[in-house]
Amino acid sequence: MDWQPLAELVKRSAVLPKETFLEQFSTPFLLEVSHDEGGLATEDTRDFDVEKLRDEQPTLDGSRILEFGDGEAFCAGRSGEVDIPCAHDSISERHCWFERIGTLWALRDAGSKNGTFLGNQQVSGDQIPLKFGSKLRMGESQYLFLSPEDCFELLQDLSKEPRIRPRSMGKYRAEFKNAGTVDDIRKDFPGPFLVVQAPKGRDGAGGPVSSNTITLSQEELKKSVNKNVADAVFNLSGYNLVRIGRATVTQIHLPLGAVSNLHAALVRDGDDWFVQDLGAKNGTYVWGDKLEQDRKKLETGTELMLGNIKSIFFNIEDLITYVAHRDTLV
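Notes on the structure follow. (Residues numbered from 1 in each chain as written. Predicted model: local features only at pLDDT ≥ 70, side-chain atom pairs only at ≥ 80, totals over all residues. Heavy atoms only, no water.)

1. Let's talk about the overall build of the protein chain
Definition in use: Going along the chain from the N terminus, every DSSP run of H or I of four or more residues is numbered as a helix, and every run of E of two or more is numbered as a strand. Remark: exposure states derive from per-residue accessible area (1.4 Å probe, protein chains only) relative to the maximum for the residue type, with buried under 20%, exposed over 50%, and partly exposed in between. Here a residue-residue contact requires only that any non-hydrogen atoms of the pair lie within 4.5 Å. Working definition of accessibility: Shrake-Rupley area with a 1.4 Å probe, residue cover restricted to the visible protein chains.
Within the protein chain one finds 7 helices and 24 strands. Projected onto its principal axes, the C-alpha coordinates of the protein chain cover approximately 75 × 45 × 30 Å. In the protein chain, which comprises 330 residues, the proportion classed as buried is 48%. Sequence-distant contacts in the protein chain: of pairs separated by 6 or more residues, those separated by 24 or more amount to 61%. Carbon and sulfur atoms provide 47% of the accessible area of the protein chain, an area that totals close to 16,400 Å².

Structure (structure tokens):
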């Protein structure tokens, strides 16, 4: 079994609907709250001062996670022959065992020098029941034992981004003019941006907004809302995961009838951005092609359809051009 940075699992899986996540992951997770090898793993297990331990919380940048996979028992420790490699020098070569008993799991110490603790209780060589959500410690290292459901909820909590407030095209036009040169604009507004052509005073199907997503016909899906619209500009700078939909938890909130509660997500991976459908009833389209399971890389100028709501992904240079010539483009 291999550890991976928690941020990597978030990047790949936080945008998945819960049902899809649970289909992909069916066995427990072990989360290393703070990854610190604490010295060379080849040295003898060292003593430590338990009074100096702090209660740490998982973070995207500092935590690692692994999935148990199929198996009845897994040994954790510093030895190169264990199932769960833990390099911290306060951990013994063979430190403890995770053992499955039917549908339940138990924890057992393997004669470690610094002990295995479940909460504040020290674990002996006898099995002790292990509940999902439990915090445990091997030497100085702290861990969380998570069910797939627990893991999904943790990913959702850690990947929450604040709501992005839309701004009008007119405000950007005025600010670009005041900023001066393109270099000055690029410095003040690094972007990228999503421009959503939202209908004024009506939903995407021309009627009142319902609490349920309106199902559109294929003919209606092909019609972008280009009349009586107001461009809403969303600045994605500083974000890594942007959910789009009618739900209040989304970062781009679109209370429009043809848009699903969780419709699509924009995901940053390094310097690149990708779009992924979240199981939207009316689908997510990139240049007219419906997205299925795979995410798709976004280039500047890429046209997205959320149901029948048109949006365009821009870098700052192309947004400047769009803002300057908006009235002639629609």
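2. Thoughts on helix H4 (residues 169-179)
What counts, and what does not: Working note: the arc is built from the helix axis to C-beta atom directions.
For H4, the complete set of buried residues consists of Met169, Tyr172, Phe176 and Ala179. In an axial view of H4, the angular spread of the buried residues amounts to 90°, which keeps them on one side of the axis. Facing away from the buried surface of H4 by more than 90 degrees, the exposed residues are Lys177 and Asn178.

3. Re the side chain of Thr213
Convention followed: Polar contacts, as counted here, are pairs of nitrogen or oxygen atoms within 3.5 Å of one another; within protein the pair requires one atom able to donate a hydrogen and one able to accept it, and residues that are adjacent in sequence qualify only if both atoms are side-chain atoms.
Relative to the helices and strands, Thr213 is located in the loop between strand E14 (193-199) and helix H6 (218-221). A polar side-chain atom of Thr213 sits 2.9 Å from a polar atom in the side chain of Arg246. Among the polar contacts listed, one links the side chain of Thr213 to the backbone oxygen of Val259, at a separation of 3.5 Å. Setting aside residues up to four positions removed in sequence, Thr213 forms contacts with Arg246, Gly257, Ala258, Val259, Ser260, Asn261, Lys281 and Asn282.

4. Side note on the sheet that holds strand E1 (residues 4-5)
Going by this rule: Here a strand pair is declared whenever DSSP counts at least two bridges between the two strands. Throughout, an axis means a line fitted to C-alpha atoms (over the contacting stretch in the case of helices), and angles, computed between N-to-C directions, take values from 0 to 180 degrees.
One open sheet accounts for 7 strands, arranged E1-E3-E2-E12-E11-E8-E9; its pairing is antiparallel. Each of the sheet's edge strands pairs with one partner strand only, and the pair in question is E1 and strand E9 (121-123). Sitting on the sheet, helix H3 (residues 148-158) touches strand E2 (29-32), strand E3 (64-67) and strand E12 (141-146), and the angle it makes with E12 is about 115°.

5. Side note on the nonpolar core
Stated precisely, the cut-off is as follows: Residues enter a nonpolar core if they are buried and are Ala, Val, Leu, Ile, Met, Phe, Trp, Tyr or Cys, with the set joined through side-chain atoms within 4.5 Å.
Membership of the largest hydrophobic core comes to 25 residues, with the highest contact counts inside it found for Leu194, Leu236, Val242, Ile252, Leu254, Leu266 and Trp273. Those elements that provide at least two residues to this core are E14, strand E15 (229-235), strand E16 (241-245), strand E18 (264-269), strand E19 (272-277), strand E23 (302-306) and strand E24 (309-314). It is E14 that contributes the most residues to this core, 3 residues altogether. In contact with Leu254, other than residues within four places in its own chain, are Val196, Phe234, Ile244, Gly245, Arg246, Val259 and Leu306.

6. What about the pairing of E18?
Two elements, E16 and E18, share 4 bridges in a ladder whose sense is antiparallel. In the sheet register, Ile244 faces E18, and the bridge partner there is Ala264.

7. Notes on the environment of Gln57
Take Gln57: it is sitting in the loop between E2 and E3. Between the C-alpha atom of Gln57 and that of Leu144, which follows or precedes it by 87 residues, the distance is 9.7 Å. Beyond its immediate sequence surroundings of up to four residues, Gln57 is in contact with Val33 and Lys135.

Purely geometric stuff here, so don't read any function into it on its own.
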